[in-house]
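Residue-level structural notes
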Amino acid sequence: MKKNYIQDIERALYDVRDEDKSIYKSDAGLTEEIIRDISARKKDPPWMLEFRLKSLEVYKKIELPIWGPDISELNMNEIVTYVKPNAKQVNDWSQVPEEIKKTFDRLGIPDAEKKSLAGVGAQYDSEVVYHSIKKRLTDQGVVYTDMETALVEHEDIVREYFMTLVPPKDHKFAALHGAVWSGGSFVYVPAGVDVKIPLQSYFRLNAAGAGQFEHTLIIVEPGAKLHFIEGCSAPRYNVTNLHAGCVELFVKEGARLRYSTIENWSRNMMNLNTKRALVEKNALVEWVSGSFGSHVSMLYPCSVLHGEGARCEFTGVTFAGKGQNLDTGAIVIHAAAKTSANINTRTISKSGGAATYRSAVKVTKNAPFAKCSVNCESLMLDDKSRSDTLPVMDIEGDEADIGHEAKIGRISEEAVFYLMARGISEEEARAMIVRGFVEPIAKELPLEYAVEMNNLINLELEGQL
Amino acid sequence: MLEIKNLYVKAGEKEILRGLNLSVGKGEVHVILGPNGSGKSTLMNVIMGHPKYEITSGEIFFEGEDLTALKTFERARRGIFLSFQTPEEIPGITVENMLRTAKQAISGEKIKILQFRKELRAIMSELKINPEYASRYMNVGFSGGEKKRNEILQLLVLNPKLALLDETDSGLDVDAVEIVSGGVAKFHNENNSCVIITHNAQILKHLPVNRAHIFLSGRIVKSGGAELVSEVSEHGYAPYEVES
């Protein structure tokens, strides 16, 4: 028998862990004392402390979700919710402590910045250690900073928007996030400003058994344009880590925001991230989402099409290998007339991995002439792996134009034969087919991530007839 | 060039080829005529090494080498090409990318992108294929005729020694058959051979047919010259069923 397998993601790069030298760690588990302590150390304004405490109350009342992947192994009492690295924030890369710098160097972050990015934020555990933004952009009024600084320098804006789109009562992890959030990015693009080169943020979780709860708040004012790239990774430990970040995107009238994420967390990570966009009249949000790492992921970026003619483009790829259960998809809420959405996803499962596509499309009564097209395709590379497609549609608006196409399949042996009949080796033929499967997504990814993804699809051939 | 001796082939429990003999020399053009379901396509696929078929006895040699020990891609690299009756659609792989990958695999040399593109465009233009098709995914959304022309494009780009054409002309209109026929004629020369399965003499117009074979129930029952082609189109296969 022929046996083929696609290699596991090359994790060596990410799995180098640094010695834990943090100066402060909160006690494991979650109490009011811990929250007050975090808040005091972060020098929160009083309203933020209050917000955290209220979130904690909500957190205690809400149960864990009973649907989706099993997350029962997550013991919140063992999670150190806050880890402060031993570094102050700087804006000159040379001042970042050597070890932390090495980590980011390994990941190619400063290089990426030098090459093509307008601004870079790098978060190490819970605090942002490095931040820069091109002067030209600050001159135009663009703000790109960490959330803590934003809370000081742009308190009114933060207060107006913070967790209004993802309220703590939404679900248990949103409540947790509201209580313990730390770090993350704040971007404000004034009306009419076109940020031509992407801003990039990179999150890295180094300490064992820790949680990362960064908050990303992006406001794109009317007619403005932005591309924001977020990358995430963590080394491997034997204890479970938790990532319960929150992303809130406000896309005002006629504005455009492209939000690209590549998550390559290590295999001990529970990635329970909440992302939401509020899209106003004739505005566009584009999500590009790659999920490769983590032990369990539950990730369904949500677009609320709030203004007439608002649009959403969602492009996602998920790659689940051994021991992974990745439950990903998208949510679209059509809440105004003539809103439209395109959801296009590819999932691959191999070596016993489980990949689920889960989506919800809701067209409210207030949204006549809504248009939505969903195309989700899954590829299982062996008999041990599984793939599920769970699309939900709830259409109340009149004259809705809804299309849905789902495919779950395996590599076509006839296609392999066709390519081999052209002189291409069997393993290359299979790799080509898998690469071709994700190609519509790969071409949307930022280049360095597209290259990384192609490297993942590296086949090996074992045994022959 | 190609020597098939007393070949027996099964697919699952079903015996499809039953004692087939065929010998194709360098630069020769052979035509295989036979009713649907007689095993002609199976023969082509077996020469190419399709895993679905099991050779129970017999031999296939190509330029003196036992083909049955070789994998499909190794056979292609030796210089055998199959123009599929129903070409596969492969999403995400462009025609240009696949052909360049194939040509590199066969030649063992790195091929420069721009130079290859130029070559490809020239051949596409001869076959009256819209140049945009180079950047389209392999056969995805192509009409039947476009898929067949795309096979001939691959034949001319890869330039093998032996072309196996499995009803490349079927389902094509008169003009398209003319284009395909011209493409095959361009490929054929004193070194390059063709084995053509067809129901239609038109594709042979520009080709010097050396041998024609009547194929019934898994074996060749009669071989002769080009005149067999017109005999069959006049009388059908009934007269040969007696002989078999």
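These remarks concern the structure in this document. Keep in mind that this is a model prediction, so the values were computed, not measured.

Here is what the cut-offs are and how they apply
- Residues numbered from 1 in each chain as written.
- Chains lettered and ligands numbered in written order.
- Predicted model: local features only at pLDDT ≥ 70, side-chain atom pairs only at ≥ 80, totals over all residues.
- Heavy atoms only, no water.
- Helix = DSSP H or I, 4+ residues; strand = E, 2+ residues; numbered from the N terminus.
- Buried < 20%, exposed > 50% of the residue type's maximum accessible area, 1.4 Å probe, protein only.
- Contact = heavy atoms within 4.5 Å.
- Areas by Shrake-Rupley, 256 points an atom, 1.4 Å probe, with all protein chains shown as cover.
- Pairing = 2+ DSSP bridges.
- Axes fitted to C-alpha atoms, helices over the stretch in contact; angles between N-to-C directions.
- Buried area = accessible area lost by both parts, 1.4 Å probe.
- Salt bridge = Lys/Arg side-chain N within 4 Å of Asp/Glu carboxyl O.
- Polar contact = N/O pair within 3.5 Å; in protein donor to acceptor, adjacent residues only side chain to side chain.
- Nonpolar A, V, L, I, M, F, W, Y, C, P; charged D, E, K, R; others polar.
- Parallel < 35°, antiparallel > 145°, perpendicular 65-115°, else oblique.
- Left-handed = near helix turned anticlockwise from the far one by under 90°.
- Disulfide = S-S within 2.5 Å.
- Core = buried A, V, L, I, M, F, W, Y, C linked by side-chain atoms within 4.5 Å.
- Domains from an automatic or database assignment.

In this section: the overall build of chain A. Scanning chain A from N- to C-terminus turns up 12 helices and 26 strands. Split into buried and exposed, the 465 residues of chain A put 61% on the buried side. The long-range fraction of contacts in chain A, counting pairs at least 24 apart against all pairs at least 6 apart in sequence, stands at 83%. As displayed, chain A has an accessible area near 17,900 Å², and 49% of this comes from carbon and sulfur atoms.

Moving on: the sheet that holds strand E2 (residues 14-24) of chain B. All names here are of chain B. The four strands lie next to each other as E2-E1-E4-E5, forming an open sheet whose pairing is antiparallel. Pairing within the sheet leaves two strands with one partner each, and these edge strands are E2 and strand E5 (65-66). Note that strand E4 (residues 54-62) and E5 share two bridges and pair antiparallel. Each bridged residue has a counterpart across the sheet, and for Phe-61 the counterpart in E5 is Asp-66. Relative to the sheet, helix H1 (residues 40-48) contacts strand E1 (2-11), E2 and E4, its axis offset from that of E1 by approximately 110°.

Residue and element names in this part refer to chain B. Strand order across the open sheet formed by six strands is E6-E9-E10-E3-E11-E12, with mixed pairing between neighbours. Two strands bound the open sheet, and with one partner strand each, they are strand E6 (80-83) and strand E12 (219-224). The average angle at which neighbouring strand axes cross in this sheet is 20°, direction not considered. When strand E3 (residues 29-33) meets strand E10 (residues 193-197), the two strands line up parallel, connected through four bridges. Bridging across to E10, Ile-32 finds its partner in Ile-197.

One frequently used descriptor of interface size is the decrease in accessible area upon assembly of the parts. Every contact between the two is made by 22 residues of chain A and, on the other side, 31 residues of chain B. Summed over both partners, the interface of chain A with chain B buries about 2,100 Å², with 68% contributed by carbon and sulfur atoms. Broken down residue by residue, the surface that chain A buries against chain B is led by Phe-417, Tyr-418 and Arg-422 of chain A, which jointly contribute 38%. Counting the contacts that link chain A with chain B gives one salt bridge. Between Glu-151 of chain B and Arg-422 of chain A there is a salt bridge whose closest N-O contact spans 2.7 Å. If you look at where chain A meets chain B, you find nine residue pairs in polar contact (both at pLDDT 80 or more). Residue assignment for the side of chain A that touches chain B shows that the elements contributing at least two residues are helix H10 (413-420) and helix H11 (426-442) of chain A. Considered class by class, the residues forming the side of chain A that touches chain B number 11 nonpolar, five polar and six charged.

What follows concerns the packing of helix H3 (residues 95-107) of chain B against helix H4 (residues 113-126) of chain B. Residues and elements named next belong to chain B. In the contact formed by H3 and H4, the axes pass within 11 Å of each other and the chain directions differ by 110°. One finds that H3 runs roughly perpendicular with respect to H4. The element H3 and its partner H4 pack so that their crossing is right-handed. Across the interface between the two elements, Glu-96, Leu-99, Arg-100 and Lys-103 of H3 pack against Ile-113, Phe-116, Arg-117, Glu-119, Leu-120 and Arg-121 of H4. For the contact of H3 with H4, a count of residues per class yields four nonpolar, no polar and six charged.

The next point concerns the state of the cysteines. Residues and elements named next belong to chain A. Applying the stated criterion across every chain, the model contains zero disulfides over all chains. In this structure Cys-302 is a free cysteine whose sulfur lies 8.9 Å from that of Cys-312, the closest cysteine sulfur available. Note on Cys-312: no disulfide assigned, nearest cysteine sulfur contributed by Cys-372 at a separation of 8.0 Å. Look at Cys-312 and you get buried, because its relative accessible area is 2%.

Right, let's get into the nonpolar core. Leu-419 of chain A together with Ile-4, Leu-7, Leu-43 and Leu-153 of chain B are the most contacted members of the largest nonpolar core, which totals 112 residues. Among the elements that take part in this core, H11 of chain A stands out by supplying seven residues, more than any other. No fewer than three residues from each of domain 1 (11-299) and domain 2 (412-465) of chain A sit in this core. Once residues within four sequence positions are removed from consideration, Leu-419 of chain A is found in contact with Ile-424, Ala-429, Met-432 and Ile-433 of chain A together with Ile-90, Ile-93 and Met-98 of chain B.

So, about the environment of Lys-196 of chain A. Checked against the element boundaries, Lys-196 of chain A lands in the loop between strand E7 (185-189) and strand E8 (199-204). Distance in space between the C-alpha atoms of Lys-196 of chain A and Lys-350 of chain A is 38 Å, their sequence separation being 154 residues.

Residue and element names in this part refer to chain A. Where helix H3 (residues 46-61) meets helix H9 (residues 172-180), the axes come as close as 7 Å, and the angle between the chain directions of the two elements is 150°. By the angle between their axes, H3 is roughly antiparallel relative to H9. As H3 runs across H9, the sense of the crossing is left-handed. The residues of H9 that touch H3, namely those facing Phe-51, Arg-52, Ser-55, Leu-56, Val-58 and Tyr-59, are Lys-172, Ala-175, Leu-176, Gly-178, Ala-179 and Val-180. Residues that form the contact of H3 with H9 fall into these classes: eight nonpolar, two polar and two charged.

Pairing between side chains becomes possible if they bear opposite charge and their charged atoms approach one another. Residues and elements named next belong to chain A. Under the definition given, this model contains 29 salt bridges over all chains. One salt bridge connects Glu-148 with Lys-42, and the closest N-O pair in it is separated by 2.3 Å. Residue Glu-148 is located in helix H7 (residues 147-153), and its partner Lys-42 is located in the loop between helix H2 (32-41) and H3; the two are separated by 106 residues in the primary sequence. Look at Glu-148 and you get buried, because its relative accessible area is 15%. For Lys-42, a relative accessible area of 11% translates into the label buried. With a closest N to O distance of 2.9 Å, Glu-428 and Arg-435 form a salt bridge. Arg-435 sits in the partly exposed class, given a relative accessible area of 25%.

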